[in-house]
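If you want the building blocks of each chain, they are given just below.
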Amino acid sequence: MDRLNQRKALAAAVNAARAAGKLMRANLRETKVVNFSTQHDIKLELDVRCQKLIERKLAAAFPKIALLGEEGEAGDADADFRWVVDPIDGTVNFTYGIPHACVSIALQARSPKSRSARVDRYETILGVVHDPFTDELWTAVRGQPARLNGRVIHVSRRQKLAETVVSMGFAKTRETLEMTLPHFNRLSRRVRKVRVMGAAALALAYVATGRFDAYIESGISLWDIAAGGLIVECAGGKFWCEPISGHHRYCMVASNGLIHRRLPIPR
Ligand code: IPD
Ligand code: CA
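Counting of residues starts from 1 at the beginning of each chain's written sequence and follows it residue by residue. Ligands are numbered from 1 and chains lettered from A, in the order in which they are written. Totals for whole chains, interfaces and linings use all residues, but because this is a predicted model, local features are given only for residues with pLDDT of at least 70 and pairs of side-chain atoms are given and counted only at 80 or more. In computing side-chain values, all of the structure's heavy atoms are included and hydrogens and water are not.

Novice: Explain the coordination of the calcium ion (ligand 2) residue by residue, including any values.
Specialist: Surrounding the calcium ion (ligand 2) are the protein donor atoms E70 (OE), D86 (OD), D86 (OD) and I88 (O), which sit 2.1 to 3.0 Å from the metal. Positions of the donor residues of the calcium ion (ligand 2), expressed as sequence spacing, correspond to E-x15-D-x1-I. Of this pair, E70 sits in the loop between strand 3 (66-69) and strand 4 (72-74) while I88 sits in strand 5 (residues 81-89), placing them 18 residues apart in sequence. I88 carries the same exposure label as E70, and that label is buried. Here the coordinating atoms are restricted to nitrogen, oxygen and sulfur within 2.8 Å of the metal centre, or 3.2 Å for Na, K and Ca, and because water is not among them the sites may look incomplete. Counting from the N terminus, the helices are the DSSP runs of H or I reaching at least four residues and the strands are the DSSP runs of E reaching at least two. Any residue under 20% of the maximum accessible area for its type is buried, any over 50% is exposed, and the rest in between are partly exposed; the area is computed with a 1.4 Å probe on protein chains only.

See below:
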């Protein structure tokens, strides 16, 4: 994809993210229709509606590019290019009226040799994360600096673990919860604070902005990390992930790079 198309793709992703964000904002305090729920997860009718809206916006700009989203696929998601979309990241927060949730959209290209931000032999070439409740929009294009609302951002420069704020996610199953809790327990004694905020893509954007020093989760899905992982890298941080069993599931650690090797990997 050449530079011109890259710019067009970024504009399309921003436009789609803002449209979905508007729908989220309008519905935060409304009663939500739950399509499906488990002990640690909720799926809303609005998740699907937001994804459909994003799909329409992206397809209007790039009719041939497939989409792989949390709420399903459109086109051939194994094609050379694909959008990777989480229409609402932080659905449980959103359901409870907690204004900490976002839209995450990445564009990936098939790249057998890719090293960083590597997911399924695809490389993320651009990423957008939008928090409609704070009106914050993070963008990154591979090879360029990450930006928040247009301003260049950088990860934190904290090196002392005792001064860091590390965020963690427990994913959605009893298994990932049990696997992560001992690390949570140990780490919370070594860092200033551990935060569990419930929206992984936003946590990655916070790492990129220097608000968090790291984010750790096992059992996370591709659509939660594709855009945010690139944003962390473009902000000078380190993003590591490894596939685990399950549908597009990963174990991941993102950080400012300086504390990376002292962080646990829950697996
Ligand atoms: C979830 C959230 C949560 C994280 C889970 C994700 P969803 O995404 O990001 O913080 O721990 O792994 O799946 O279901 O709200 O889109
Ligand atoms: Ca979601």
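That was the structure; now back to the text.
Novice: How would you summarise the site of ligand 1 if you had to cite specific residues and measurements?
Specialist: One heavy atom within 4 Å of a molecule or strand makes the whole residue count as near it. Of all residues adjacent to ligand 1, which total 17 residues, the nearest are D89, G90, T91, K172 and E217. G90 places a main-chain nitrogen or oxygen 2.6 Å from an oxygen atom of ligand 1. Polar contacts here mean pairs of N or O atoms no more than 3.5 Å apart (in protein, one a potential hydrogen donor and the other a potential acceptor; neighbouring residues in sequence count only if both atoms are side-chain atoms). One nitrogen or oxygen atom from the side chain of D224 is found 3.1 Å from an oxygen atom belonging to ligand 1. Looking at the shell around ligand 1, the elements that each hand over two or more residues are strand 5 and strand 14 (214-221).

Novice: So what about a positive patch on the surface? Which residues, and what values?
Specialist: Side chains of K22, R25, R56 and K57 sit close together on the surface and give a patch of like positive charge. Its place among the elements puts R56 in helix 2 (residues 45-61). Residue class for R56 comes out exposed when judged on its relative accessible area of 57%. Every patch collects residues that have over 30% relative accessible area and no salt bridge, joining them within 9 Å if they carry like charges and within 5 Å if they are nonpolar side chains (Val, Leu, Ile, Met, Phe, Trp, Tyr). Residue-level accessible areas treat just the shown protein chains as cover; the underlying method is Shrake-Rupley with a 1.4 Å probe. In the sections that follow, a salt bridge refers to a side-chain nitrogen of Lys or Arg positioned within 4 Å of a carboxyl oxygen of Asp or Glu. In summary, the charge assignment counts Lys and Arg as positive and Asp and Glu as negative, without counting His or the chain termini. Lysine's charge is taken at NZ, arginine's at CZ, aspartate's at CG and glutamate's at CD.

Novice: Tell me about the side chain of D131, residues and numbers included.
Specialist: Here D131 is to be found in strand 8 (residues 122-131). The side chain of D131 sits in the buried core without any salt bridge; R211 is the nearest counter-charge, 6.5 Å away. Within the local environment of D131, its side chain forms a polar contact with the backbone nitrogen of F133, the two atoms lying 2.8 Å apart. For D131, the side chain forms a polar contact with the side chain of T134, separated by 3.1 Å. For this analysis, residues touch if any pair of their heavy atoms sits within 4.5 Å. Setting aside chain neighbours within four positions, we find D131 in contact with A101, C102, E136, W138 and L202.

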